[in-house]
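Chain residues, written in single-letter form:
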Amino acid sequence: MARDRVLAANKILVGDCVEQLRNLPDKSVDLVFADPPYNLQLSTELLRPNNTRVDGVDDAWDKFASFEEYDRFTRAWLAECRRVLKPDGAMWLIGSYHNVFRLGSALQDQGFWILNDVVWRKVNPMPNFRGRRFTNAHETLIWAARDQKSRYTFNYESLKASNDDLQMRSDWLFPICSGPERLKDDGGRKAHPTQKPEALLHRILIGTTNPGDVVLDPFFGTGTTGAVAKRLGRRWIGVERDTDYVKAAEERIAKVKTLSTSSLETQPSKRTEPRVPFGALVELGMLRPGAPLYDERRRVRAEVKADGTLAVPGSQGSIHRLGAVVQGKAACNGWTFWHYERGGRLHPIDNLRERAKVALGLSGKQQRAEPLIAAE
């Protein structure tokens, strides 16, 4: 059975998608990126206004007899993907208006927990040649955790830093795959009609995986997922039944060099850092009972208590609860709201939390002796 097999990473499994997925071990994959057939339902060839033929998707792998047949296929491969995902794993799906709504419904029916839908807005979309509809200038990605309780990877700080310190939004602007990146066959035609740009996979893997993670692509095509995964120090598994695509993917990935370990380090997430409670600052003597704390404009003054709480006239509680109370809000991040004074200037108590991590051996840095913050 699949659960007894050993995971073979950095390899293309050649054959039917569902059959090959059944050979993978249970709970062995960190992330799935799936670019399944779109089921475009094309009945005639597409022509430009000058009657030249559009090199679109008319391959056998994209043809299904009915929506019911497509749905059965979708449920089958999704079930196998969920089986091989680790409990804290996640999945990315990409599709067009032809199939993405059916994919989303099937995804939820399988027990996945949708986290975001992301719109990939194409800089250079294919024109609408018939002039009967809007130009289809985007595709939709669905990001979903294996289940509602999964502790999925999200490198929030790295994505924010790469976006000029702005939160990464769910609308992404990328060109379609073209130029030297677009693989061509021996006749000069596109090696694959729907090759995805590496920039798209780069953002997905940087944002939702870590170096060493296993990334599965059940519709591998010409290997974009594998090429980007190898470059970024992730392990990968591809499933592909078309031997021409397999050959192109193998040649492509063989040319890719993995980046150095140091260049793959992501900005650490505060959510994954060791937890240090405010009371530890008092216990370690970094804040003495009776010391004052202020908001950044000195409009509020609170007193540190020996039990690790703060107090203002008429109220006492944790740094978070009291911060919310004095602002009349439902919640507050006390680490950034409250400030201590040193040298005539205010500093957020979050700085002291970093010192506490060093003192407690939770950081690789060496401790530097600094004066305590005493009561006035």
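Quick caveat: nothing in here was measured; it's all calculated off a predicted structure.

Please explain the overall build of the protein chain as it appears in this structure.
In terms of regular secondary structure, the protein chain is built from 11 helices and 14 strands. Every one of the 376 residues in the protein chain was classed for burial, and the buried ones make up 45%. As displayed, the protein chain offers around 20500 Å² of accessible surface, 49% of which is attributable to carbon and sulfur atoms.

Explain the confidence of the model for the protein chain here, please?
Detailed reading of the predicted model is not advised wherever pLDDT is low. On average, residues of the protein chain carry a pLDDT of 87, and 88% of them reach 70 or more. Across residues 366-376, confidence stays below pLDDT 50; counting only partners more than four residues off in sequence or on other chains, it has 30 contacts.

Explain the pattern of salt bridges to me, please; I cannot follow it from the model alone.
When the charged atoms of two side chains with opposite charge come close together, those side chains can pair. Scanning the entire structure with this criterion turns up 16 salt bridges. A salt bridge links Lys 86 to Asp 30; its shortest N-O distance comes to 3.1 Å. Placement of the pair is Lys 86 in strand β3 (residues 85-95) and Asp 30 in strand β2 (residues 29-34), with a sequence separation of 56 residues. Residue classification places Lys 86 among the partly exposed residues on the basis of a relative accessible area of 27%. Here Asp 30 falls in the buried class, since its relative accessible area comes to 17%. Lys 357 is paired through a salt bridge with Glu 354; the nearest N and O atoms lie 3.4 Å apart. Here Lys 357 pairs with Glu 354, and both are found in helix α11 (residues 350-359), just three residues apart, close to one helical turn. On the accessibility criterion, Lys 357 (4% relative accessible area) is buried.

Basis of the calculations
Residues numbered from 1 in each chain as written. Predicted model: local features only at pLDDT ≥ 70, side-chain atom pairs only at ≥ 80, totals over all residues. Heavy atoms only, no water. Helix = DSSP H or I, 4+ residues; strand = E, 2+ residues; numbered from the N terminus. Buried < 20%, exposed > 50% of the residue type's maximum accessible area, 1.4 Å probe, protein only. Areas by Shrake-Rupley, 256 points an atom, 1.4 Å probe, with all protein chains shown as cover. pLDDT = per-residue confidence, 0-100. Contact = heavy atoms within 4.5 Å. Salt bridge = Lys/Arg side-chain N within 4 Å of Asp/Glu carboxyl O.

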